[in-house]
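Results of the structural survey
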Amino acid sequence: AGLNTAAVALGKLYFGSATDNGELSDSAYVTQLSNTQDFGQITPGNSQKWDATEPSQNVFTYTNGDTIAKLAKTNGQKLRCHNLVWHNQLPNWVTSGSWTNATLIAALKNHITNVVTHYKGQCYAWDVVNEALNEDGTYRTSLWYNTIGEAYLPIAFAAAAAADPSVKLYYNDYNIEYSGAKATGALRIVKLVQSYGVKIDGVGLQAHFIVGSTPSRSNQASTMAAYTALGVEVAITELDIRMTLPSTAALLAQQSTDYASSVGACVDTKGCVGVTIWDWTDKYSWVPGTFSGQGAACPWDSNFVKKPAYTGILSAL
Ligand code: XIL
């Protein structure tokens, strides 16, 4: 059995991976990405973000996002769609526009309506709002929050729900996988959207972790349970576990244990629908480009050889 077949056998909906358009010219990469024994779901790492989909105001470009949606369809994989509202990867017309509350709400709704309508029927879920929180659980002072206030969250979820009533709508963030102020903030967001009478279906736990300092399986599971107690599902949406390079046998063994803790927490939680890793091979991981001196975060190495982490994940499923 592979990762996906084992997850599905346990009643999960999928085990999946992020991918990106530039990687799809690597045929050996595509072969493994398309192996539904391991991956029953894919997420576009970049090509559905705002800068990719609406580079100029009201001019929508879906070519790259469609390539990944089509690959998922061809392979019979679910698609997690990512993301609609974020403070990063915004085009210049958004970041340097001069906005009022009313004009920014109109631009936000127009973006969400267009993108969600375009992908209607193709996504299992949308990450509607990504990373709205500071580490202390207060709202991040993004353009969205500064101009619209916390109402931008229910406004975004309502626009997405109107455009595709069937797709699951998620709030997605990192460092909300364990108990603490930021997780409390995420719980507050779920309740906020619900208090507006607006649909929110899930909380996405990004799970960008560091080898040897991941939260315990029981803490991750109890934090998941706090979300599901509000009537929403959860998913691990961007799992990777990085280390300071070079990797050693000891670090790879600890990484295997750490992967098993996170995947195991999802197994322990009835409302956890699936796990997505933020690409499957170190060859294309975002980690070395973002965290200087760190890497080796994925379950397969840069030569597409399975690392101990692969076996660790499988042992948890
Ligand atoms: C990352 C992509 O993987 C990179 O290619 C890109 O340069 C930056 O964004 N949290 C998220 C993802 O929600 O969208 C981010 O993806 C990683 C952190």
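Note: the structure precedes this text.
Note that the structure is predicted; figures quoted are calculated from it, not measured. (Residues numbered from 1 in each chain as written. Predicted model: local features only at pLDDT ≥ 70, side-chain atom pairs only at ≥ 80, totals over all residues. Heavy atoms only, no water.)

The helix and strand tally for the chain stands at 13 helices and ten strands. The C-alpha radius of gyration computed for the chain amounts to 19 Å, which stays within 12% of the reference 20 Å derived for 317 residues, consistent with globular compactness. The C-alpha extent of the chain, read off along each of the three principal axes, is 55 × 40 × 40 Å. Going through the 317 residues of the chain one by one, you find that 58% of them count as buried. Long-range pairs, those at least 24 residues apart, make up 78% of the contacts in the chain with a sequence separation of at least 6. By element, 53% of the accessible surface of the chain is carried by carbon and sulfur atoms, the whole surface being about 11,800 Å². Looking at the chain, you have 20 positive and 24 negative side-chain charges, and the mean spots of the two groups are 6 Å apart. (Helix = DSSP H or I, 4+ residues; strand = E, 2+ residues; numbered from the N terminus. Rg over C-alpha atoms; globule rule 2.2 N^0.38 Å. Buried < 20%, exposed > 50% of the residue type's maximum accessible area, 1.4 Å probe, protein only. Contact = heavy atoms within 4.5 Å. Areas by Shrake-Rupley, 256 points an atom, 1.4 Å probe, with all protein chains shown as cover. Lys, Arg positive; Asp, Glu negative; His and termini not counted. Charge placed at Lys NZ, Arg CZ, Asp CG, Glu CD.)

On to the pattern of salt bridges. Under the counting rule described, the total for this entry stands at seven salt bridges. In this structure, Asp 268 engages Arg 217 in a salt bridge whose closest nitrogen and oxygen atoms are separated by 2.8 Å. Linking Asp 268 in helix H11 (residues 249–268) with Arg 217 in helix H10 (residues 217–228), this pair joins segments that are 51 residues apart in sequence. Since its relative accessible area comes to 44%, Asp 268 is described here as partly exposed. When salt bridges that share partners are traced, they join Glu 135, Asp 173 and Lys 182 into one network. (Salt bridge = Lys/Arg side-chain N within 4 Å of Asp/Glu carboxyl O.)

Moving on to helix H6 (residues 101–118). A rise of 1.5 Å per residue sets the reference length of H6, with its 18 residues, at 26 Å; its end C-alpha atoms lie 26 Å apart and thus fit the reference within 8%. Taken together, the buried positions of H6 are occupied by Leu 104, Ile 105, Ala 107, Leu 108, His 111, Ile 112, Val 115 and Val 116. The buried residues of H6 occupy an angular sector of 165 degrees when projected down its axis, which confines them to one face. Turning to H6, the residues buried within the fold contact helix H3 (50–53), strand S3 (78–85), helix H5 (92–95), strand S4 (125–130), helix H7 (143–148) and helix H8 (152–163). (Expected span 1.5 Å × (residues − 1). Arc of directions from axis to C-beta.)

Turning our eyes to something else, we now look at helix H13 (residues 308–316). Listed in full, the buried residues belonging to H13 are Ala 309, Tyr 310, Gly 312, Ile 313 and Ala 316. All buried residues of H13 project into a common sector of 160 degrees when viewed along the axis, lining one side. Structural note: H13 exposes Thr 311 and Ser 315 on the side pointing more than 90 degrees away from its buried face. Looking at the buried positions of H13, the neighbouring elements they touch are helix H1 (3–9), strand S1 (14–19) and H11.

A separate point is the packing of H6 against H8. Between two packed helices, the angle of one axis relative to the other and the distance separating the axes together describe the packing. Put simply, H6 and H8 touch, their axes get as near as 8 Å, and they point 35 degrees apart. In the packing of H6 onto H8, the handedness of the crossing is right-handed. On the side of H6, the interface is formed by Ile 105, Leu 108, Lys 109, Ile 112, Thr 113, Val 116 and Thr 117, while H8 contributes Tyr 152, Ile 155, Ala 156, Ala 159, Ala 160 and Ala 163. Tallied by class, residues from the contact of H6 with H8 come to ten nonpolar, two polar and one charged. (Axes fitted to C-alpha atoms, helices over the stretch in contact; angles between N-to-C directions. Left-handed = near helix turned anticlockwise from the far one by under 90°. Nonpolar A, V, L, I, M, F, W, Y, C, P; charged D, E, K, R; others polar.)

Taken as a whole, this structure holds one cavity of 30 Å³ or more when the rule is applied. Taken as a whole, the largest cavity encloses approximately 30 Å³ of empty space. What lines the largest cavity is Trp 86, His 87, Asn 130, Glu 131, Ala 132, Arg 140, Ser 142, Trp 144 and Tyr 152. Of the residues contributing to the lining of the largest cavity, the split by class is four nonpolar, three polar and two charged. (1 Å grid on protein atoms, 1.4 Å probe; cavity = no way out; pocket = protein on both sides within 12 Å on 5 of 7 lines; lining within 4 Å. Points joined across faces, edges and corners; volume = space filled by probe spheres on them.)

Let's shift gears to the layout of surface pockets. Here the idea is plain: a probe the size of a water molecule rolls over the atoms and shows the empty space left. There is about 580 Å³ of room inside the largest pocket. Gln 206, His 208, Glu 238, Trp 278 and Trp 286 are, among the 33 residues lining the largest pocket, the residues nearest its centre. Among the secondary structure elements, those contributing two or more residues to the lining of the largest pocket are S1, strand S7 (208–210) and strand S8 (233–244). Per element, the largest residue contribution to the lining of the largest pocket is three residues, and it comes from S7.

With that out of the way, let us pick up the packing of aromatic side chains. For the structure shown, the criterion picks out 16 aromatic pairs. Taking 5.3 Å as the distance between ring centres and 80 degrees as the angle between the ring planes, the aromatic pair formed by Trp 280 and Trp 300 counts as edge-to-face. One end of the pair, Trp 280, is in the loop between strand S9 (272–277) and helix H12 (287–290); the other, Trp 300, is in the loop between strand S10 (294–295) and H13, with 20 residues separating them in the sequence. Per residue, the accessibility class of Trp 280 equals that of Trp 300, and both read buried. Following the ring pairs from residue to residue traces out a cluster consisting of Tyr 29, Phe 39, Trp 280, Tyr 284, Trp 300, Phe 304 and Tyr 310. The lysine or arginine in question, Arg 188, covers the ring of Tyr 139, its NZ or CZ lying 4.7 Å from the ring centre. (Phe/Tyr/Trp six-rings, centres within 6.5 Å; stacked < 30°, edge-to-face > 60°. Lys NZ or Arg CZ within 6 Å of the ring centre and 35° of its normal.)

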